[in-house]
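Chain and residue survey
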Amino acid sequence: VQLVESGGGLVQAGGSLRLSCALSGSMFDINAMGWYRQAPGKQRELVAAVISGGGSTTYADSVKGRFTISRDNAKNTMYLEMNSLQPEDTAVYSCNADGTVVGTGEHLEVWGQGTLVTVSS
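Structural notes, computed from the coordinates.

Rules used in this analysis
- Residues numbered from 1 in each chain as written.
- Predicted model: local features only at pLDDT ≥ 70, side-chain atom pairs only at ≥ 80, totals over all residues.
- Heavy atoms only, no water.
- Helix = DSSP H or I, 4+ residues; strand = E, 2+ residues; numbered from the N terminus.
- Rg over C-alpha atoms; globule rule 2.2 N^0.38 Å.
- Buried < 20%, exposed > 50% of the residue type's maximum accessible area, 1.4 Å probe, protein only.
- Contact = heavy atoms within 4.5 Å.
- Areas by Shrake-Rupley, 256 points an atom, 1.4 Å probe, with all protein chains shown as cover.
- Lys, Arg positive; Asp, Glu negative; His and termini not counted.
- Charge placed at Lys NZ, Arg CZ, Asp CG, Glu CD.
- Disulfide = S-S within 2.5 Å.

Let's shift gears to the overall build of the protein chain. Helix and strand counts for the protein chain come out as 0 helices and 11 strands. For the protein chain, the succession of helices and strands along the chain, N to C, is β-β-β-β-β-β-β-β-β-β-β. For 121 residues, the compact-globule estimate of 2.2 N^0.38 gives 14 Å, and the protein chain sits close to it at 14 Å. The buried share among the 121 residues of the protein chain stands at 39%. Partitioning the intrachain contacts of the protein chain with sequence separation of at least 6 by distance along the chain shows that 56% fall at a separation of at least 24. For the protein chain, the accessible area works out to roughly 6400 Å², and carbon and sulfur atoms hold 47% of it. Here the protein chain holds 8 positive side-chain charges and 11 negative ones, and the gap between their average locations is 5 Å.

Below, the structure is given as structure tokens:
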């Protein structure tokens, strides 16, 4: 099971970016997926997450109203739409999936390699 992020880059303050996280590999029953970020010198923090089944979402207070997390199950892809970006949003953004491998029942927590988002003032 692999996660591959894309969509990071450089944007001016007030701009927008959309990150994508594509899941590939073995069949995987997902419990939850999320986006995390880590800024230089800071701890990694949860930005947003979506729970399978009910589809409930959660967001960090700092991004509420600006970021939107979504999943396209048909494409095995998760997105993070980021609007009104600010310099403090600059970080490496990584996606995460928690679930069970179909057939083996093995529980896995999988991370992508990360994508850099830089917001200039």
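What follows continues from the structure just given.
Before going further, it helps to examine the state of the cysteines. Here the structure, examined in full by the defined rule, presents 1 disulfide. Shown here is the disulfide that connects Cys-21 with Cys-95, its sulfur atoms set 2.1 Å apart. A torsion of 70° about the S-S bond marks the disulfide between Cys-21 and Cys-95 as right-handed. Placement of the pair is Cys-21 in strand 3 (residues 17-24) and Cys-95 in strand 9 (residues 91-101), with a sequence separation of 74 residues. Take Cys-21 and Cys-95: they sit in the same class, and that class is buried.

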